[in-house]
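If you want the building blocks of each chain, they are given just below.
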Amino acid sequence: MPELPEVEHAAQRLRDAVLGHTIASASTYHPSQARGFPPAAQQAVTGQRIARIERRAKVQLLHLANGAVLEVHFRMTGDWEFTAVHDAPPRFERVRFQTREGTRVSLVDGRAFCVVTLHAPGAFPGIDAGPEPLTDDFTVDGFAASLARRSGPIKPTLLDQKLVAGVGNIYASEACWEAKIHPATPANRLSPRRVARLRDAVRLVLDTAPRGRYYARTAERERAIWRVYGKEGEPCQRCGSMIARLEQAGRSTFYCKRCQRY
């Protein structure tokens, strides 16, 4: 699943390709997308200029000149592809926007889980998520106050988008390793010093994460990128002990039994 760095990279690619362009047409090519973005919505965006593109948590928001907002969620395997309007469309194209300037924007998704939703002018409710982790809004004091209200294990707690926006399964494991915190430690049992260390670790792993097409990574690249994720049975890069795996909230967590402490 794409996480914050990949979604931010995708949003930047979209800005570079079509910011300021005017939508000439919009269409869907799968029933799942047609349900969320029906013909009436497709017609409503036609003729509108793309005034601003932003990312909030793992969602991309296309602000149109009339005040409407297109909300785009990649879900598991979505991504953008950009081609000229006369080129052959890409494989697995689910939603298409063509601009008057001659660019075709295709939302591609082999599993067809991606979602596009149009919010009418003045009707966008916002994204219900916590602070963006790479901004000044993600403070140690605020993080500590939120964790104090949560008694569950810290690693699944980090996946709560209302705690902090955009942290997914991979980076939650990586952040716990960086902070030397066992992933099963109760969130409200962390000392102020460890909370500060974890906040810094979250920022570090997101700020230094690879960008680009997440589903094109190879196994070799994965081993080079991550410290613990997907490395069960391999030596910890910090202490040499074997990386272990446990299941938390239906997701795999990878950690070092020796240097990550309760």
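Bear in mind that the values here come from a model prediction, so they are computed numbers and not experimental data.

> What's the story with the sheet that holds strand β4 (residues 69-73) in this structure? I'm lost.
Strand pairing in a sheet is mediated by backbone hydrogen bonds. Such pairs are either parallel or antiparallel. Taken together, four strands build an open sheet; the order of strands is β2-β3-β4-β8 and the sheet is antiparallel. For this open sheet the edge positions go to β2 (50-56) and β8 (115-119), each flanked by a neighbour on one side alone. Averaged over all adjacent pairs, the angle separating strand axes in this sheet is 20 degrees, with direction ignored. Across five bridges, the pairing between strand β3 (residues 59-64) and β4 is antiparallel. Each bridged residue has a counterpart across the sheet, and for L62 the counterpart in β4 is L70. Helix-sheet contacts for helix α1 (residues 4-18) involve β2 and β3, and the interaxial angle to β2 is about 170 degrees.

> How do you make sense of the layout of surface pockets when you look at a structure like this?
Using a probe with the size of a water molecule, rolled over the atoms, empty space left in the structure can be pinpointed. Considering only enclosed or pocket space, the second largest pocket measures out at about 220 Å³ in volume. K58, V59, E71, H73 and R75 are, among the 15 residues lining the second largest pocket, the residues nearest its centre. Elements that contribute at least two residues to the lining of the second largest pocket include exactly β4 and β8. Classifying every residue of the lining of the second largest pocket gives eight nonpolar, three polar and four charged.

> When you look at unusual backbone geometry in this model, what are you seeing that I'm missing?
Note: most peptide bonds trans; most residues except glycine with negative phi. One non-glycine residue with positive phi stands out, namely R75, at about 60 degrees. You can see R75 is positioned in the loop between β4 and β5 (79-84). Unusually for a residue other than glycine, A249 sits at a positive phi of about 55 degrees. Looking at the element boundaries, A249 is found in the loop between β9 (243-248) and β10 (251-256).

> Explain empty space enclosed by the protein to me, please; I cannot follow it from the model alone.
All chains considered together, the criterion is met by two cavities of 30 Å³ or more. Counted as a void, the largest cavity has a volume near 50 Å³. Lining the largest cavity are L14, V18, I23, I50, L62, W80, F97, T99 and V105. Among the elements of the structure, α1 and β6 (93-99) are those that each provide at least two residues to the lining of the largest cavity. Across the lining of the largest cavity, the residue classes break down as eight nonpolar, one polar and no charged.

Each value, and the rule that gives it
- Residues numbered from 1 in each chain as written.
- Predicted model: local features only at pLDDT ≥ 70, side-chain atom pairs only at ≥ 80, totals over all residues.
- Heavy atoms only, no water.
- Pairing = 2+ DSSP bridges.
- Helix = DSSP H or I, 4+ residues; strand = E, 2+ residues; numbered from the N terminus.
- Axes fitted to C-alpha atoms, helices over the stretch in contact; angles between N-to-C directions.
- Contact = heavy atoms within 4.5 Å.
- 1 Å grid on protein atoms, 1.4 Å probe; cavity = no way out; pocket = protein on both sides within 12 Å on 5 of 7 lines; lining within 4 Å.
- Points joined across faces, edges and corners; volume = space filled by probe spheres on them.
- Nonpolar A, V, L, I, M, F, W, Y, C, P; charged D, E, K, R; others polar.

Shape is all these values report; function is a separate question.
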